[in-house]
Amino acid sequence: MSEAQNAFRKRGKKHFFGAQHHAKRWRGSRELEVGMQGILITCSMNQRKCAAEAFNLLSEYADKLYGPEKLTLTTCDFSAGGQFEEEAGECSEGENAKEEVDVEDALKKEVAQLRAGGGRQERRFQALDSGANNVIFIRTRNLESDKLVHHILSDLHATKKKKTRVILRMLPVTGTCKAFPEDMMRYMSTFLEPWFKKPNHATYQIAFKARNNSHNKRDDVIKAIAGLVGKLNPKNKVNLTQPDLTIILEVIKSVCCVSVVREYTRYRKYNLQEVVKDEEPKKEDAAKDAAKDGQGAATEPALAGGREAPEKEEDDAATQPALAGGSQAPEKEEDDAATQSAVVGGSAEEMQLAEEHLQEQSAMDDQQNKAEGDGE
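All of the points below concern the structure found in this document. (Residues numbered from 1 in each chain as written. Predicted model: local features only at pLDDT ≥ 70, side-chain atom pairs only at ≥ 80, totals over all residues. Heavy atoms only, no water.)

1. Observations regarding unusual backbone geometry
Point 1. Of the consecutive residues Lys-198 and Pro-199, the connecting peptide bond is found in the cis state with omega at 0°.
Point 2. Its place among the elements puts Pro-199 in the loop between α7 (193-196) and β8 (203-211).
Point 3. Despite not being glycine, Asn-142 shows a phi value in the positive range, around 60°.
Point 4. Considering the arrangement of structural elements, one finds Asn-142 in the loop between β5 (135-140) and α5 (145-159).
Point 5. Of note in this structure, Glu-263 is not a glycine but carries a positive phi near 55°. (Helix = DSSP H or I, 4+ residues; strand = E, 2+ residues; numbered from the N terminus.)

Here it is in structure tokens:
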């Protein structure tokens, strides 16, 4: 085999295996770890675009709440007569600094600072690998992630303006711990105190989700957390419809991300796609409104001039002549006179017989009046 072919084969191996090796090394050095704070973001099958949308959205609202981002400047080499201006980000040297500085020593110092991390720039937001598909973790610095996310959702809910296409849910992470039952209970006992310990109390619900983890069962974790909240203050009550606070637990591999948020149900479980939609009326209310509209439409024609009113008028017109000049009216008067006399001077049995007779007579009169009306 010639040297050219050998060189081509070596280049091909380097081409195919080199990129994969670097990708694994990059992914392992930037992962979600215990002790971090930030925001968990779920997406629909496009993590690169999700990260880009997240950076744009978070930067937009963070600049409104906390002002423009100020980057941490790299350290400058201090030499004889050198001065560091932090605001301008420039190093001004004295008149004779170039002559006194040893170039080799300056380079060594700069390399040592970079290795120690002194020359890194800490950004406000940094995307990390969460350890689960379709989930990214944005690490935050120098801000409160729960307040930032709540501000974003409240603005989107008020304006109904859609600003993302790939992002689904945005969950703040204000604390992390190891995802083992003992570690979680130990951490949560102190983490929940600002909201649920005496004298504070509130209604709450627990939202638990586990990804790539089989150590924790949903029902067991929820019961344990609920018991812990009850011990902090017996006045804390569970409310699954409109709770004051929601305890969020997101377990990914061996890391448990926790936070306590407000208005979780109002903002559609912190879903950016659902919160911008118009609120639909409840099915029960809609059914009641429809039934009321149907009843109103059915009764209006009858009240205005339907079939029932003319029939009633015809019956009245037919019965009036019969009562005025017919043979039934005198008979009724005679019967009434007879029953009245029986009631005044008769016994209880006679009174009962008189009442029965009067009822039968009235029923016969009604039937006859109806028959006369139909004949006319």
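Structure shown, so let's carry the discussion forward.
2. Observations regarding the side chain of Ser-145
Point 1. Tracing the chain through its elements places Ser-145 in helix α5.
Point 2. Only 3.3 Å separates the side chain of Ser-145 from the backbone oxygen of Gly-38, close enough to count as a polar contact.
Point 3. Among residues more than four places away in sequence, those in contact with Ser-145 are Gly-38, Ile-39, Thr-140, Pro-172, Val-173 and Thr-174. (Polar contact = N/O pair within 3.5 Å; in protein donor to acceptor, adjacent residues only side chain to side chain. Contact = heavy atoms within 4.5 Å.)

3. Topic: the sheet that holds β5
Point 1. The strand order across the open sheet built from four strands is β4-β5-β1-β6, with neighbouring strands paired in antiparallel fashion. Two strands lie at the open edges of the sheet, namely β4 (125-129) and β6 (167-173), each paired on one side alone. Across the sheet, the mean angle from the axis of one strand to that of its neighbour is 25°, orientation sign disregarded.
Point 2. Bridge count for β4 against β5 is five bridges, and the pairing is antiparallel. Counted as the bridge partner of Ala-127 is Ile-138 from β5.
Point 3. Of the strands in this sheet, β1 (38-43), β4, β5 and β6 touch α5, which is tilted by about 145° from β6. (Pairing = 2+ DSSP bridges. Axes fitted to C-alpha atoms, helices over the stretch in contact; angles between N-to-C directions.)

4. A look at the sheet that holds strand β7 (residues 175-178)
Think of a sheet as strands paired side by side through backbone hydrogen bonds, with each pair either parallel or antiparallel.
Point 1. Spatially, the five strands line up as an open sheet ordered β7-β11-β10-β8-β9, and their pairing is mixed. What marks the edges here is a single partner per strand, and that holds for β7 and β9 (237-238).
Point 2. Bridging between β7 and strand β11 (residues 255-262) involves four bridges; their strand directions are antiparallel. Bridging across to β11, Cys-177 finds its partner in Cys-256.
Point 3. Across the sheet, helix α8 (residues 218-232) touches β8 and β10 (245-252), and the angle it forms with β8 is around 150°.

5. Remarks on the layout of surface pockets
Point 1. Counted as a void, the second largest pocket has a volume near 330 Å³.
Point 2. Gln-205, Ile-206, Ala-207, Phe-208 and Arg-218 are the residues nearest the centre of the second largest pocket, which is lined by 19 residues in total.
Point 3. Taken together, the elements giving at least two residues each to the lining of the second largest pocket come down to β6, β8, α8 and β10.
Point 4. By residue number, the principal contributor to the lining of the second largest pocket is β8, which donates seven residues.
Point 5. Grouping the amino acids of the lining of the second largest pocket by side-chain chemistry returns eleven nonpolar, two polar and six charged. (1 Å grid on protein atoms, 1.4 Å probe; cavity = no way out; pocket = protein on both sides within 12 Å on 5 of 7 lines; lining within 4 Å. Points joined across faces, edges and corners; volume = space filled by probe spheres on them. Nonpolar A, V, L, I, M, F, W, Y, C, P; charged D, E, K, R; others polar.)

6. Notes on the packing of helix α2 (residues 47-66) against α5
Point 1. Closest axis-to-axis distance for the α2/α5 pair is 10 Å, and the angle between their directions is 105°. Relative to α5, α2 is oriented roughly perpendicular. Residues Leu-57, Leu-58, Tyr-61, Ala-62, Leu-65 and Tyr-66 of α2 form the contact with α5, whose participating residues are Lys-147, Leu-148, His-151, Ile-152, Asp-155 and Leu-156. (Parallel < 35°, antiparallel > 145°, perpendicular 65-115°, else oblique.)

7. Re the pattern of salt bridges
Point 1. One pass over the structure, following the stated rule, counts twelve salt bridges.
Point 2. Arg-266 is the partner of Glu-263 in a salt bridge, and the nearest nitrogen-oxygen pair spans 2.8 Å.
Point 3. We classify Glu-263 as partly exposed; its relative accessible area is 24%.
Point 4. One salt bridge connects Lys-277 with Glu-274, and the closest N-O pair in it is separated by 3.2 Å.
Point 5. Since its relative accessible area comes to 43%, Lys-277 is described here as partly exposed.
Point 6. Within the structure, one salt-bridge network assembled from shared partners comprises Glu-60, Lys-64 and Lys-163. (Salt bridge = Lys/Arg side-chain N within 4 Å of Asp/Glu carboxyl O. Buried < 20%, exposed > 50% of the residue type's maximum accessible area, 1.4 Å probe, protein only.)

8. Looking at α5
Point 1. For α5, built from 15 residues, the straight-helix expectation of 21 Å at 1.5 Å per residue is met to within 8% by its first-to-last C-alpha distance of 21 Å.
Point 2. Within α5, burial applies to Ser-145, Leu-148, Val-149, His-150, Ile-152, Leu-153, Leu-156 and His-157.
Point 3. With its phi angle positive at about 55°, Lys-160 sits one or two positions after the end of α5. (Expected span 1.5 Å × (residues − 1).)

9. Remarks on the packing of aromatic side chains
Given two aromatic rings, their pairing is described by the distance between the two centres and the angle made by the two planes.
Point 1. This structure, assessed with the given rule, holds four aromatic pairs.
Point 2. Considering the side-chain rings of Phe-191 and Trp-195, the 5.5 Å spacing of their centres and the 45° angle between planes classify their relative orientation as tilted.
Point 3. Among the residues examined, Phe-191 registers a relative accessible area of 12% and is labelled buried.
Point 4. Taking the centre distance of 5.6 Å and the plane angle of 70° together, the rings of Phe-196 and Tyr-204 count as edge-to-face. Across the pair, exposure class does not vary: Phe-196 and Tyr-204 are buried alike. (Phe/Tyr/Trp six-rings, centres within 6.5 Å; stacked < 30°, edge-to-face > 60°.)

10. Here's the deal with the nonpolar core
Point 1. Ranked by internal contacts, the top residues of the largest apolar core, which has 43 residues, are Leu-40, Ile-41, Leu-58, Leu-148, Ile-152, Met-170 and Tyr-270.
Point 2. Sorting the residues of this core by element identifies β1, α2, β4, β5, α5, β6, β10 and β11 as the ones contributing at least two each.
Point 3. Setting aside residues no more than four positions away along its own chain, Met-170 makes contact with Ile-39, Leu-40, Ile-41, Leu-57, Leu-58, Val-149, Ile-152, Tyr-270 and Leu-272. (Core = buried A, V, L, I, M, F, W, Y, C linked by side-chain atoms within 4.5 Å.)

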